[in-house]
Amino acid sequence: MSTTIHFIDVDQGNMVLITTTNNKNFICDCNVTSDNEYDVINYLDSVIGKYSPISAFICTHRDADHIRGIKKIHKYFPIKSIWDSGHTGTTTNSKEYSDYMDLRRRVGSKEKKKMTRQDFGMTRFRYLSGKDERLEKNANAQGIVLKIEHWNQQNCGSSAILMGDCDAETWRYAIMEDYSKSEVKASILMAAHHGSISFFDDPADEEHYYTDHIIAIKPAMTIVSVGDNKHGHPDEKALELYNEYSSGSNKGNKVYITQEKGTIKLSLKDTGWSLKII
């Protein structure tokens, strides 16, 4: 029995399907467009079956490329609840935001607090980040950073961290202040902000990149969810740093990019993990 995490290729955006060991399905973020709707719906159908319920849609933050098409998902896979940090985000005047908030009101919502956890069988969700007064001017620091752990009877066998659009400031002044290195260590890392350099580029240090967080995380591999864009994602220096600080699989792979590989399935197990290109 394993915890499965599907990093779905949705072009320039994030979408992750999580199935826990007690067979509950969750979706973290989505970016469903007219171009990819057919492929995304068919993929979800092939994995969980059409009209299978989604226990919750977990929104790391309310930017358009993390909530786009949520009603299209709900049409085929009924969403029972929406979970987010409660922060309004930066795209409140968009259609995506209006659709999201409408569905949020209809199905009900829960605000997830930092330093809380939930267990679903042998799958554990840890909320490493949420609304934080220390960084209230940084919208990306108010979102959810979700760690997914697969436990056996005694300890965590493997894990993954979903970053949303968090940045170096989020980690340096909030997460790393509140957690031990062992608490943030993870087998697989989903790159922050589609591979943006903001994860390493600390405004407080003009000469050096911030790397204390990824040294503590010690990922074996990093997965970048990205597509064609005008923002320069993924950043070349960020990819260099992810390669440098990811230890690599037993085949030597360190970084997978959805734009190159397509959808990627991760299985978290009692004693390790495996990745499969779909």
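This report concerns the structure included in the present document.

Here is what the cut-offs are and how they apply
Residues numbered from 1 in each chain as written. Predicted model: local features only at pLDDT ≥ 70, side-chain atom pairs only at ≥ 80, totals over all residues. Heavy atoms only, no water. Helix = DSSP H or I, 4+ residues; strand = E, 2+ residues; numbered from the N terminus. Contact = heavy atoms within 4.5 Å. 1 Å grid on protein atoms, 1.4 Å probe; cavity = no way out; pocket = protein on both sides within 12 Å on 5 of 7 lines; lining within 4 Å. Points joined across faces, edges and corners; volume = space filled by probe spheres on them. Nonpolar A, V, L, I, M, F, W, Y, C, P; charged D, E, K, R; others polar. Pairing = 2+ DSSP bridges. Axes fitted to C-alpha atoms, helices over the stretch in contact; angles between N-to-C directions. Core = buried A, V, L, I, M, F, W, Y, C linked by side-chain atoms within 4.5 Å. Buried < 20%, exposed > 50% of the residue type's maximum accessible area, 1.4 Å probe, protein only. Disulfide = S-S within 2.5 Å.

### As for the environment of Val 145
Relative to the helices and strands, Val 145 resides in strand β10 (residues 145–151). Those residues in contact with Val 145 that sit more than four places away from it in its chain are Arg 126, Tyr 127, Leu 128, Ser 129, Ile 161, Leu 162, Met 163, Cys 166, Trp 171 and Ile 175.

### Some details on the layout of surface pockets
In this structure, the largest pocket spans a volume of roughly 210 Å³. If you go around the largest pocket, the residues you meet are Met 221, Ser 249, Asn 250, Lys 251, Asn 253, Tyr 256, Trp 273, Ser 274, Leu 275, Lys 276 and Ile 277. With five residues, strand β16 (residues 273–277) is the single largest residue contributor to the lining of the largest pocket. A per-class count over the lining of the largest pocket returns five nonpolar, four polar and two charged. Lining the second largest pocket are Gln 12, Asp 63, Asp 65, Asp 165, His 193, His 194, His 231 and His 233. Here the residues of the lining of the second largest pocket sort into no nonpolar, five polar and three charged.

### Things to note about the sheet that holds strand β13 (residues 221–224)
Strand order in the open sheet made by the seven strands is β8-β9-β10-β11-β12-β13-β14, with mixed pairing throughout. The open sheet has two free edges, formed respectively by β8 (116–120) and β14 (255–257), since each of these has just one partner strand. The mean inter-strand angle of the sheet, taken between neighbouring strand axes irrespective of direction, is 20 degrees. Inspection of the sheet shows strand β12 (residues 188–190) paired to β13 by three bridges, in the parallel sense. Residue pairing in the sheet places Leu 189 in a bridge with Thr 222 of β13. The strands touched by helix α5 (residues 168–178) are β9 (123–129), β10 and β11 (156–162); relative to β9, the strand with the most contacts, the crossing angle is about 105 degrees. Each of β12, β13 and β14 is contacted by helix α8 (residues 236–245), which is oriented at about 140 degrees to β14, the strand it contacts most.

### Regarding the nonpolar core
Core analysis: the biggest nonpolar cluster contains 29 residues, and Ile 161, Met 163, Trp 171 and Tyr 242 have the highest contact counts within it. At the level of elements, α5, α7 (212–217), α8 and β14 are the ones that each hand at least two residues to this core. Element by element, the count of residues in this core is highest for α8, at four residues. In contact with Tyr 242, other than residues within four places in its own chain, are Leu 189, Ala 191, Ala 192, Phe 199, Phe 200, Ile 214, Thr 222 and Val 255.

### Quick word on unusual backbone geometry
The amide bond that connects His 233 to the next residue, Pro 234, takes the cis arrangement and shows omega of -5 degrees. Note on placement: Pro 234 falls in the loop between β13 and α8. In this model, Asp 29 sits at a positive phi of 65 degrees, which is unusual for a non-glycine residue. Judged by its relative accessible area of 2%, Asp 29 falls in the buried class. With a phi close to 70 degrees, Tyr 51 is a non-glycine residue in the positive phi region. Assignment of secondary structure puts Tyr 51 in the loop between α1 (37–48) and β5 (56–58).

### Notes on the state of the cysteines
All told, the structure shown has zero disulfides when counted by the stated rule. Counting only cysteine sulfurs, Cys 59 is the nearest neighbor of Cys 30, a cysteine outside any disulfide, at a range of 8.4 Å. Counting only cysteine sulfurs, Cys 28 is the nearest neighbor of Cys 166, a cysteine outside any disulfide, at a range of 12 Å.

### Things to note about empty space enclosed by the protein
Scanning the model with the defined rule gives two cavities of 30 Å³ or more in all. Taken as a whole, the largest cavity spans an internal volume of roughly 60 Å³. Cys 59, Thr 60, His 61, Arg 62, Asp 84, Ser 85, Gly 86, His 87, Gly 89, Ala 139, Gln 142 and Gly 143 together form the lining of the largest cavity. In terms of residue class, the lining of the largest cavity is built from two nonpolar, eight polar and two charged.

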